[in-house]
Amino acid sequence: MKVEKSIEEINERIREGSVCVVTADEMSELVEEKGAEEAAREVDVVTTGTFGAMCSSGVFLNFGHSDPPIKMHRVWLNEVEAYTGIAAVDAYLGAAQPSEDRGIEYGGGHVIEDLVAGKTVELRAIGFGTDCYPRKEIETEISLDDLNTAKMLNPRNAYQRYSAATNSSDRTLYTYMGTLLPDMRNATFCGAGSLSPLFNDPDFETIGVGTRIFLCGGEGFIVGEGTQHDPANNKATLMVCGDLRGMRKEFLRGATFYGYGATLYVGIGIPIPVLNERIAAKTGIKDEEIMTEVLDYGVPRRDRPVLANVSYAELKSGRIEIAGKEVKTSPLSSFYMAKKVATELKRWIERGEFFLTKPVKRLRREAVLKPMPQKEEIPLVKDVLRKTFATIGGDASIEDAAKLIFQTGTTHIPVVTKERKLQGIVTAWDIAKAVAKKHRKLAEIMTRKVITARMDEPIDAVVRKMERHNISALPVVDAERKVIGMVTSDDISKLLKKGRKWLRLRI
């Protein structure tokens, strides 16, 4: 007989205490063992969970009126500025906003955690002063209990899946995907795999506007599609809301990504009512069936190269293979906490403390994720590349290098193999030091750890490298580290003289 249930019937079972609830990973095993039809008969609700860094999060706060009243033009909480362009004493505090006295080590996410933990937060505000709001400044302390409103509203949470990241460049990168070591020595990834809410209902049959969810240890709701909603590429997102007062610090943690910035770890759990065999089959998804691409963050472009396609089972194993190379993997999300979220939501439902809601509107299955329009394209390295340049072999003498510098008038010479692969670089300053210290071989003085550029790299990224390392020229290499050109600060300066608006950087 065909299995058909309704949310009303499942809620009645919750009231009676006869509801059958399993977590998403348990459902995967059940579907594999008994099939989707039998699983649909046995199970009423599948609970999902995810716990990861969700920068697009924040809270709306209402502080109440001071005496005399103030219209806040700017406001800071523990020296983290919140947005005040909504009303006199209302503000929106973003999780990724950095502190003005502690920088990226402390941000909006930490303030939100402090409030949920019951801590007192320092408030400082300034205003213009008006007839109805005469006060111009105030400093005080507040706690969560002092606030009239503390509503979490997160524009983009619970990514269905996220691309994994690695770094093929020759230097360490500090990103929102964590620290990426050079030469693809590691890869990082996000998401809970088979526990992921949106992978258990990929067609949004039960997840939609008005769906009641577990949000940071309290009750929350889905407001609608999140920003950058991209279901066509299995990258759907959710906009969610909930009251800060019902949340628990255990499921909400401020964090900092080294060298990148502050964020907020958010725990989200969504119940999937098993209404039929079709939904049961979808909630039986396994990590082996969830695929994502590995992107090269060593290329600083919007569309980064795809180096491999891997499953979450491979990512969770701790090692993947990219172009024949074994690469260690590490998660940015917590599988332990994701399972804890799903298990806690399961307990709520079994105890009759949480009921399911029918969405008032389905999320869009078709959505176009558009890039930002640009009036002017940023020039790339290939636009200023010097294709005529001098190179020298590693077995050459210092005298040979000195003659080459004199003959070509260049101050930077790449040291290459017979196949033109980069071995190092030597400069006029290196030659001068070598003469003073009486070195004879080029291999003794050349710099072996060379900062390089790529053909498709934006010029402003090259400028930042030059500033960071105090250098004025970079060899341009291909994927095999063969030297194909040079880019210099002089080349870039010529663009400045043409009045390029995009390049407002020091060289």
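This text goes with the structure placed above it.
Residues numbered from 1 in each chain as written. Predicted model: local features only at pLDDT ≥ 70, side-chain atom pairs only at ≥ 80, totals over all residues. Heavy atoms only, no water.

**Student:** Which residues make up the environment of valine 43, and what values do they have?
**Tutor:** Structurally, valine 43 can be placed in the loop between helix 3 (36-42) and strand 2 (45-47). The class for valine 43 is buried, based on a relative accessible area of 1%. When the C-alpha atoms of valine 43 and tyrosine 174 are compared, they prove to be 44 Å apart, with 131 residues separating the residues in sequence. With residues near it in sequence (within four places) discarded, valine 43 still touches Lys5, Cys20, Val22, Met27, Leu30 and Val274. (Helix = DSSP H or I, 4+ residues; strand = E, 2+ residues; numbered from the N terminus. Buried < 20%, exposed > 50% of the residue type's maximum accessible area, 1.4 Å probe, protein only. Contact = heavy atoms within 4.5 Å.)

**Student:** I'd like a description of unusual backbone geometry, backed by residues and values.
**Tutor:** It is generally the case that most residues other than glycine have a negative phi and that most peptide bonds are trans. Cis peptide bonds are those with omega within 30 degrees of zero, and the linkage from aspartate 67 to proline 68 qualifies with -5°. Position of proline 68 relative to the elements: it lies in the loop between strand 4 (58-62) and strand 5 (72-77).

**Student:** Describe the packing of aromatic side chains, listing the residues and the values that go with them.
**Tutor:** Enumeration according to the criterion identifies twelve aromatic pairs in this entry. Seen in terms of ring centroids, phenylalanine 60 and tyrosine 92 are 4.7 Å apart; in terms of plane orientation they differ by 55°. Their pairing is tilted. Taken together, the residues span a long stretch of sequence, with phenylalanine 60 in strand 4 and tyrosine 92 in strand 7 (residues 90-94) at a distance of 32 residues. Ring centres of tyrosine 174 and tyrosine 258 lie 5.2 Å apart, and the angle between their planes is 75°; this geometry places the pair in the edge-to-face category. Of this pair, tyrosine 174 sits in strand 14 (residues 173-175) while tyrosine 258 is found in the loop between strand 21 (252-257) and strand 22 (261-269), placing the two residues 84 residues apart along the sequence. Accessibility expressed as a relative area gives 40% for tyrosine 174, which makes it partly exposed. Site record: aromatic cluster; members linked through ring pairs are Tyr159, Tyr162, Tyr176, Tyr260 and Tyr297. One residue, arginine 212, lies across the ring of phenylalanine 354, its end atom 5.9 Å from the ring centre. (Phe/Tyr/Trp six-rings, centres within 6.5 Å; stacked < 30°, edge-to-face > 60°. Lys NZ or Arg CZ within 6 Å of the ring centre and 35° of its normal.)

**Student:** Which residues make up the side chain of threonine 263, and what are the values?
**Tutor:** Within the fold, threonine 263 resides in strand 22. At a separation of 3.5 Å, a polar atom in the side chain of threonine 263 contacts the main-chain amide nitrogen of cysteine 55. (Polar contact = N/O pair within 3.5 Å; in protein donor to acceptor, adjacent residues only side chain to side chain.)

**Student:** Tell me about the sheet that holds strand 24 (residues 291-296), and please be specific about residues and values.
**Tutor:** Spatial ordering of the open sheet is given by 25-24-13-16-27-26, a layout of six strands whose pairing is mixed. The sheet is open, and its two edges are formed by strand 25 (306-311) and strand 26 (319-322), each paired on a single side. The sheet shows a mean angle of 30° between the axes of neighbouring strands, direction not considered. In the sheet, strand 26 pairs with strand 27 (residues 325-331) via four bridges, with the strands oriented antiparallel. Note that in strand 27 the partner of glutamate 321 across the bridge is glutamate 326. (Pairing = 2+ DSSP bridges. Axes fitted to C-alpha atoms, helices over the stretch in contact; angles between N-to-C directions.)

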